[in-house]
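Examination of the molecular architecture
Here's the letter readout for the chains.
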Amino acid sequence: MDSEGGGSGGGGGGGAVKDLATPSKFVAAFFLGGLVLGASLLAVQVGISLPPSLQLPPPLWGGRRRRRRRPVRVYMDGCFDMMHYGHCNALRQARALGDELVVGVVSDDEITANKGPPVTPLHERMIMVAAVKWVDEVIPDAPYAITEEFMNKLFNKYNIDYIIHGDDPCLLPDGTDAYALAKKAGRYKQIKRTEGVSSTDIVGRMLLCVRERSTGDSHNHSSLQRQFSHGHGQKVDDGGSASGTRISHFLPTSRRIVQFSNGKGPGPDARIIYIDGAFDLFHAGHVEILRKARELGDFLLVGIHTDQTVSATRGAHRPIMNLHERSLSVLACRYVDEVIIGAPWEVSKDMITTFNISLVVHGTIAENMDFLKEESNPYAVPIAMGIYRQLESSLDITTSTIIRRIVANHEAYQLSPVKFNVTWVTSVKKRNEKKEASERKYYEGKTYMSGD
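Below: a short report on this structure. Note that this is a predicted model, so its numbers are computed, not measured. (Residues numbered from 1 in each chain as written. Predicted model: local features only at pLDDT ≥ 70, side-chain atom pairs only at ≥ 80, totals over all residues. Heavy atoms only, no water.)

Let's shift gears to the pairing of strand S4 (residues 162-166). Of all five residues in S4, four are buried, a share of seventy percent or more. Relative to S4, strand S1 (residues 73-78) runs parallel, the two sharing three bridges. From the neighbouring strand, Met-76 faces S4, where its bridge partner is Ile-164. Note that S4 and strand S5 (residues 188-191) share four bridges and pair parallel. If you follow His-165 over to S5, its bridge partner there is Gln-190. (Buried < 20%, exposed > 50% of the residue type's maximum accessible area, 1.4 Å probe, protein only. Helix = DSSP H or I, 4+ residues; strand = E, 2+ residues; numbered from the N terminus. Pairing = 2+ DSSP bridges.)

See below:
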């Protein structure tokens, strides 16, 4: 039936062509079409409206330009204290839910009121968040709880479409949900929590290392960082005993590394800059030296030293974060193009040739600068080749700086009745107890959630 109808239509079309076959009719049709086209163009020029019989049909593509879709803007906030790859993965997932990601960084005062003093001050946390490759805009001094006033500001001033948070609990001091208003407004979206790390977890790891070092327990401290990543279930409480804070289980996967990677190499004539280090407890000092290094060329290659190399050069209790964790933190930085996971301590001629390295750089602030005076200088080859440069570090921060801050905050918290207001201490401790209970409930009732 269909094919017969199609054939009939085809015959009709053939007849129409046959009718125009005589020269006189063809010329007349051509002349008339030209008149209509000319009249239509003239009408457009002078603004005259033609009768429907003389108007040109709309173009095949619809005749009207499509309006450009407004980008979907999503908002995510956080303290981002001791920023780690879990924070970065949350921001990556949030960015995938929209076209532009706006991030609110909670103020120091708000963190202190709700959780206790932050380890890293606001200006350092701003540097860290702004350096994450998936972040488009940063709002400083964001409130810890999203009030109705601030939520309306997000919607009207910043054109935010959705507010994003992880599937883990986020409670206010009174135990209520910090995102209740956004959920009620129907403008809330949830992402999957990144298992294996949290700021509390990092503090727990560091306190374990400090405890082992202070007690002189040397028979197992060299493997502490491996215990952390292999989930041996160690726990630390506020007093440093073996109960309380849960040490998480990090499971590195190739897929996560791919998600964090740029996925493209240097161009054929690219100027490739190389910088290496431990990059343990990735901080603002690291970010700033990476930014300066990237400005010197077209492609920044970063070497991440192995756990064994870091232990041998920085002490048996280092690193706090294992190789894969440190690699992910560096990969998330917008100034980094590629990393070598497990880079050698010495920069050899073969390595320089293999990666086509144009310049090797190092900051002036580091845990230990004595290697420059030693015979086994790891940068001896690039120095001899005239392709080594020291960069002035913008911030006087090292991993040891972060550790000292953590210890100071921990000791202050232990002495809180003396140093802080008793009412504040009671409020924060009650909030922490509610959060711990909520986290226990989360893990006990945890179910699979699709996502990245």
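There is more to say after this.
By the criterion of burial, helix H11 (residues 284-294) is predominantly enclosed, with eight of the 11 residues buried. Within the span of H11, buried status applies to Ala-284, Gly-285, His-286, Val-287, Glu-288, Ile-289, Leu-290 and Ala-293.

Moving on to the nonpolar core. Looking at soluble globular proteins, one finds that nonpolar side chains tend to be buried together. Ranked by size, the top nonpolar core spans 60 residues in total, and within it Leu-91, Leu-290 and Val-302 carry the most contacts. When we break this core down by domain, the ones giving at least three residues each are domain 1 (73-191) and domain 2 (261-400). Discounting residues that sit within four places of it in the chain, Leu-91 has contacts with Met-76, Phe-80, Met-83, Leu-101, Val-103, Val-132, Trp-134 and Val-135. (Core = buried A, V, L, I, M, F, W, Y, C linked by side-chain atoms within 4.5 Å. Domains from an automatic or database assignment. Contact = heavy atoms within 4.5 Å.)

Further remarks concern the pattern of salt bridges. In this structure the tally under the stated criterion is 15 salt bridges. Between Arg-70 and Asp-161 there is a salt bridge whose closest N-O contact spans 2.5 Å. One end of the pair, Arg-70, is in the loop between helix H2 (23-46) and S1; the other, Asp-161, is in the loop between helix H6 (148-156) and S4, and 91 residues separate them in sequence. Residue classification places Arg-70 among the partly exposed positions, given a relative accessible area of 46%. Overall, the relative accessible area of 15% leaves Asp-161 in the buried class. The partner of Glu-295 in a salt bridge is Arg-291, and the shortest N-O contact between them spans 3.1 Å. A network of salt bridges, in which partner residues are shared, links Arg-73, Glu-100 and Glu-137. (Salt bridge = Lys/Arg side-chain N within 4 Å of Asp/Glu carboxyl O.)

If you trace the five strands from one edge of the open sheet to the other, you get S10-S9-S8-S11-S12, paired in parallel fashion. Looking at strand neighbours, the two that pair on one side only are strand S10 (338-343) and strand S12 (388-391), the edges of this open sheet. Along the sheet, successive strands turn relative to each other by an average axial angle of 30°, direction set aside. Inspection of the sheet shows strand S11 (residues 357-363) paired to S12 by four bridges, in the parallel sense. (Axes fitted to C-alpha atoms, helices over the stretch in contact; angles between N-to-C directions.)

In this section: the layout of surface pockets. Of the volumes computed, that of the second largest pocket is approximately 510 Å³. In this structure, the second largest pocket is lined by 30 residues; those nearest its centre are Arg-314, His-362, Ile-365, Ala-366 and Glu-367. Elements with a contribution of two residues or more to the lining of the second largest pocket: strand S8 (272-277), H11, helix H12 (307-314) and S11. Tallied by class, residues from the lining of the second largest pocket come to 12 nonpolar, 13 polar and five charged. (1 Å grid on protein atoms, 1.4 Å probe; cavity = no way out; pocket = protein on both sides within 12 Å on 5 of 7 lines; lining within 4 Å. Points joined across faces, edges and corners; volume = space filled by probe spheres on them. Nonpolar A, V, L, I, M, F, W, Y, C, P; charged D, E, K, R; others polar.)

A separate point is the packing of helix H5 (residues 122-130) against H11. Relative orientation of the contacting elements H5 and H11 amounts to 50°, with a least axis distance of 9 Å. Our classification of the angle between H5 and H11 gives oblique. Once H5 is placed against H11, the crossing between them reads as left-handed. Two secondary-structure elements touch here, H5 through Glu-124, Ile-127 and Met-128 and H11 through Ala-284, Val-287 and Glu-288. Grouping the amino acids of the contact of H5 with H11 by side-chain chemistry returns four nonpolar, no polar and two charged. (Parallel < 35°, antiparallel > 145°, perpendicular 65-115°, else oblique. Left-handed = near helix turned anticlockwise from the far one by under 90°.)

With that out of the way, let us pick up helix H13 (residues 323-331). Burial of H13 is extensive: eight of the nine residues sit out of reach of the surface. Measuring from the side-chain oxygen of the N-cap residue of H13 to the backbone nitrogen of His-324 gives 3.1 Å; that N-cap residue is Asn-322. (Polar contact = N/O pair within 3.5 Å; in protein donor to acceptor, adjacent residues only side chain to side chain.)

Turning our attention to unusual backbone geometry. That bond from Arg-318 to Pro-319 is cis: its omega, -5°, falls within 30 degrees of zero. Summarising the element assignment, Pro-319 is placed in the loop between H12 and H13. The backbone phi angle of Asn-159 is positive, close to 55°, even though this residue is not glycine. Looking at where Asn-159 falls in the secondary structure, it is placed in the loop between H6 and S4. Its relative accessible area of 39% is what places Asn-159 among the partly exposed residues.

What follows is about the side chain of Ser-107. Mapped onto the elements of the fold, Ser-107 is located in the loop between strand S2 (100-106) and helix H4 (108-114). Since its relative accessible area comes to 10%, Ser-107 is described here as buried. Not counting residues within four places of it along the chain, the set of residues in contact with Ser-107 comprises Arg-125, Asp-141 and Ala-142.

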